[in-house]
Structures are given as C-alpha cells and as structure tokens.
Amino acid sequence: MTSLNSPADAAGVLGGVRAEVRATPDYPFTPVHAPVKLDQNESALDFPRHLRELAVRRMLERDWNRYPDLHAETLKEKIGAYEDWDAAGVVVTPGSNVIIKLLTELGGIGQRILTVQPNFSVYELEGQMLGATLTRVPLRADFGLDVAAMKRELATGGPGVLFLPQPHAPTGFLDEESDVRAVVEAAGDDWIVVIDEAYHQYSGSDYRSLVLERGNRLSLRTFSKAWGLAGLRLGYALTHPALAANLQKLVSAFNVNVLTQVVAEVALEHPQYVRERADEVIWERGRVQNALSGLKVLHALPSRTNFFLVRTPDPSAAYAFLLERGLLVRRQDKQPMLTGCLRVSIGTREQNDALVAALLELDRELEVRE
Ligand SMILES: *Cc1c(COP(=O)(O)O)cnc(C)c1O
C-alpha cells in the first residue's frame, strides 16, 4: 500500500482545500449496530411490502441504461398533485439535506445564514463550509422561538437564508403558529425563508399557506421520516415558481435516479399508509410519555415529532446503559441548552415497551444512588 494518504502528510498537502472546509467538523454521526435502532428518527416500519413489490415490478419495466428525467418532472407532477402545489414550484433532490446545501449556495455563500440554537446541525455545517456568516439565535428555555430576538436579528438585514424547523429538531418542540408567522413576516425580501417541515405529519402543523403568501418562502419536506423511505434519499421543496427556477439551477442534472423516482411515484399513488402510521406514532408517543411521566431523576421532554429528548445526569452512562439492553439512541448533550440530553425515536410498540422498561430501571438505580 502506498503511504500517500497517511494522515501525517495530509496537513501539508491540503493547501488547495478551502480553509472553511478544513475547519468544518465531520457530520456528527457514528454508525453503531444494535437490535433496537432509535437513533435516527426513521420510521420503525419499512415501506409496505406490497408497495415494495409493486415498485420492483415497475422497476423491471424501466430502462436502466437511460438517464432519468432531467429534473424528475414526472415525480414533481405527482408531488404537486399530492401537495396541491404548482409543479413548477416543486424542487426534488436526493434527500432534503441536499436542498439545505443548495439553499446555502443560493443565498448563503458570502451572505448570511440565520437559524436557532439548538438546531439541526446540517444548517450550520453547510453554512460554515460554504463561507456564510452564521447567526444562531438561542431558543427560549422552553425551546420555543424567541420572537423578539429573531426579529432583532432579521432587522439587521440580509441578504441570506433563514432556516426555521417546524417542529424543531432535535427538541421536538412545535411553536405557536402566531410566533412562526411573526418571525416569517419580519423577514424582508432580502431573506430566503425556509420552513423545514421534516416532521409535520407527527405535529399536525402545515405551513404551506404561509409559504404561498410570499415569493421568498419555502417549505422543506422529506420521504425519510413518515414515508418510511430514508434509504431511498428523496426530499423536496415547495415554493414559488421563480424561486424554484433559481434553486433548480443549482441541482445537478439527472440528480434523482430511476429507482428513487419509481419508488416515490408508487408511494405517492398509495399515500394512505403514511397518515395511518403517523397516527400510530402519535399514539405511541403519548403512551411512552405517559409511562415516563413519573420519572424521578431522568426527565422525558414533551415532543410533537417521532422522537423526544430525555435529560439525564450522566448522558454517557445512560447511553451505555441503554445500549447494553440493545437500545440505540443518539446523544445530543453537546448542544447548547441540551446538557445531559439523549434523543430517542419512537419505535414499534414492543421497542417502546423495552425503552420504557429500561428508562424506568435506570431511573430507579439513579434514585437509589442519590
Ligand atoms: C431528518 C431531517 C431532514 C430530512 O433529511 P433528508 O436528507 O431528507 O433525509 C430534514 N430536516 C430535519 C430537521 C431532519 O431532522
């Protein structure tokens, strides 16, 4: 093996890499294998079997040797019909994370990225890497939007991109609609206003009508969560045709592959399962939170998503305790305001029972020790 790639040489030979990229940390995720996977907010249930089979049959009919639609036009039409949205205002990419990067390219490079803190780390990683000026406005102690502080920051002026998750990740908090509206309306036309609605099926919120009111607004949605298709990689933006056309310029040609297009089309023709499963998750979330309401040392925080935070006195020990019982969760304790917090996805009924049992056991152990 050649030693050209040895880390010892790397420092000296990366002069061609922009300083911003070198200074940006890796995406904070380490894959760990465990029987019960509650670490990535995925759907615990896979895409329904009969739809997988239908998609595979349809895939056999397609030309694998040909490039897919240039900008996934057929898929956009189907998303538009499903969302009651003009297809000319739909942009699709392999995951909404890609749209977040493209929005940073569209309005953030050499300009501003404004978001909240704690936040979804992709907003700031992309901003940092692409040399945007990043501003993070702390959430209130209850994790709601600090409307006054957001307004003050917006008033200092763009141009730039405002990333506003609704409900929030990783806290699971859903703001009052009036607060979201106040912040969105405070953003002048020199801001691109992004409402990231990755989890809206679990919160009952829907900001499409707020987006429709002005041409600089955009809703970000994904097939990775409630649709149970994280492995396919597909996300989309709903916005106005003029903004969509500019965003589209940044999407590489033929970006969404044939398999992803076929599966998403099948899903959009059979969307009933999404609502049913989201309702099941909401029910399970209530059941889990109710079962955890009597915790003495640990504290389960309320949520409007398919995950929630658990505050622990020692997140490292709590993480290991759960992992020993086969339960994989995600640490969030490095984020501001999230001291001691683990993030846990809602799983199947059996998985949730195992989680509750483990957390109650840990809580009893900690209580005795105190
Ligand atoms: C999971 C998630 C997404 C979805 O990302 P994809 O790239 O579509 O899988 C977007 N925003 C937030 C806040 C998320 O948690």
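What you are looking at is a predicted structure, and each value in this text was computed from that prediction instead of being measured.

A.B. asks: Hey, could you run me through the environment of serine 96 in this one?
C.D. replies: Following the sequence through the fold, serine 96 ends up in helix α5 (residues 96-107). Residue serine 96 is classed as buried on the basis of its relative accessible area of 10%. Discounting chain neighbours no more than four positions away, the residues touching serine 96 are Leu220, Arg221, Thr222 and Gly235.

A.B. asks: Even after reading the chapter, I still don't get helix α4 (residues 73-83), so can you show me in this structure?
C.D. replies: Side chains of residues three or four places apart in an α-helix project in the same direction, reflecting 3.6 residues per turn. Among all positions of α4, only Leu75, Lys76, Ile79, Gly80 and Glu83 are buried. Buried positions in α4, seen along its axis, are confined to an arc of 140° and lie on one side of it. Residues of α4 that are exposed and point over 90 degrees away from its buried face: Glu77 and Ala81. Buried-residue contacts for α4 involve β2 (90-93), α10 (208-212), β7 (217-222), β8 (235-239), α11 (241-250) and α12 (258-269).

A.B. asks: Help me understand the pattern of salt bridges, please; the structure alone is not making it clear to me.
C.D. replies: Two side chains with opposite charge may pair up if their charged atoms get near one another. Throughout the structure, instances matching the rule amount to 30 salt bridges. Linking arginine 136 and glutamate 124 is a salt bridge whose minimum nitrogen-to-oxygen distance equals 2.8 Å. You can see arginine 136 sitting in strand β4 (residues 133-138) and its partner glutamate 124 sitting in helix α6 (residues 121-129), a full 12 residues away along the chain. For glutamate 124, a relative accessible area of 16% corresponds to the buried category.

A.B. asks: Please explain the packing of aromatic side chains as it appears in this structure.
C.D. replies: One pair of aromatic rings is described through two measures. These are the centre distance and the angle between the planes. Evaluation of the coordinates by the stated rule reveals nine aromatic pairs. With a centroid separation of 4.7 Å and 5° between ring planes, the pair formed by tyrosine 123 and phenylalanine 163 is classed as stacked. One end of the pair, tyrosine 123, is in helix α6; the other, phenylalanine 163, is in strand β5 (residues 160-165), and 40 residues separate them in sequence. With a relative accessible area of 1%, tyrosine 123 lands in the buried category. Centre to centre, the rings of phenylalanine 223 and tyrosine 236 are 5.8 Å apart; their planes meet at 55°, and the pair counts as tilted. Within this pair, whereas phenylalanine 223 is found in the loop between β7 and β8, its partner tyrosine 236 is found in strand β8, the two being separated by 13 residues in sequence. The two residues phenylalanine 223 and tyrosine 236 agree in class, both being buried. By way of ring pairs, the aromatic residues Phe47, Tyr82, Phe223, Trp227, Tyr236 and Tyr273 are connected into one cluster. Here arginine 325 stacks its cationic end above the ring of phenylalanine 321, 3.6 Å away from the centre of that ring. The residue whose ring lies beneath arginine 343 is phenylalanine 307, and the NZ or CZ to ring-centre distance is 5.8 Å.

A.B. asks: Is there a simple way to think about the side chain of asparagine 119 in this case?
C.D. replies: Inspection of the secondary structure assignment puts asparagine 119 in the loop between β3 (112-117) and α6. Taking relative accessible area as the criterion, asparagine 119 reaches 2% and is therefore assigned buried. Within the structure, asparagine 119 has its side chain in polar contact with the backbone oxygen of valine 116 (distance 3.0 Å). The residues contacting asparagine 119, other than those within four sequence positions of it, are Glu124, Arg136, Ala169, Pro170 and Gln335.

A.B. asks: How should I be thinking about the sheet that holds β2 in this particular structure?
C.D. replies: What holds strands together in a sheet is hydrogen bonding between their backbones, with the strands either parallel or antiparallel. Strand order across the open sheet formed by seven strands is β2-β8-β7-β6-β5-β3-β4, with mixed pairing between neighbours. Here the strands that pair on one side only, and so sit at the sheet edges, are β2 and β4. Strand-to-strand twist in this sheet, taken as the mean axis angle between neighbours without regard to direction, amounts to 20°. In this structure, β2 lies alongside β8, joined through four bridges in antiparallel fashion. Looking at the pairing, valine 90 lines up with leucine 238 of β8.

A.B. asks: Looking at this structure, how should I read the packing of α4 against α12?
C.D. replies: How two helices sit against one another is set out by the angle between their axes and by the gap between those axes. Contact geometry of α4 with α12 gives a least axis separation of 10 Å together with a crossing angle of 20°. What the angle tells us is that α4 and α12 run roughly parallel. For α4 against α12, the interelement crossing comes out left-handed. When α4 is examined against α12, the residues Thr74, Leu75, Lys78, Ile79 and Tyr82 are found in contact with a partner set consisting of Gln261, Ala264, Glu265, Leu268 and Glu269.

A.B. asks: When you look at helix α7 (residues 147-155) in this model, what are you seeing that I'm missing?
C.D. replies: Val147, Ala149, Met150 and Leu154 are the residues of α7 that are buried. Taken down its axis, α7 places every buried residue within 165° of arc, on the same side. In α7, the exposed positions angled more than 90 degrees off the buried face are occupied by Arg152 and Ala155. Buried residues along α7 sit against β3, β4, β5, α8 (177-186) and β6 (191-196).

About the cut-offs
Residues numbered from 1 in each chain as written. Predicted model: local features only at pLDDT ≥ 70, side-chain atom pairs only at ≥ 80, totals over all residues. Heavy atoms only, no water. Helix = DSSP H or I, 4+ residues; strand = E, 2+ residues; numbered from the N terminus. Buried < 20%, exposed > 50% of the residue type's maximum accessible area, 1.4 Å probe, protein only. Contact = heavy atoms within 4.5 Å. Arc of directions from axis to C-beta. Salt bridge = Lys/Arg side-chain N within 4 Å of Asp/Glu carboxyl O. Phe/Tyr/Trp six-rings, centres within 6.5 Å; stacked < 30°, edge-to-face > 60°. Lys NZ or Arg CZ within 6 Å of the ring centre and 35° of its normal. Polar contact = N/O pair within 3.5 Å; in protein donor to acceptor, adjacent residues only side chain to side chain. Pairing = 2+ DSSP bridges. Axes fitted to C-alpha atoms, helices over the stretch in contact; angles between N-to-C directions. Parallel < 35°, antiparallel > 145°, perpendicular 65-115°, else oblique. Left-handed = near helix turned anticlockwise from the far one by under 90°.

Purely geometric numbers; function is a separate question.
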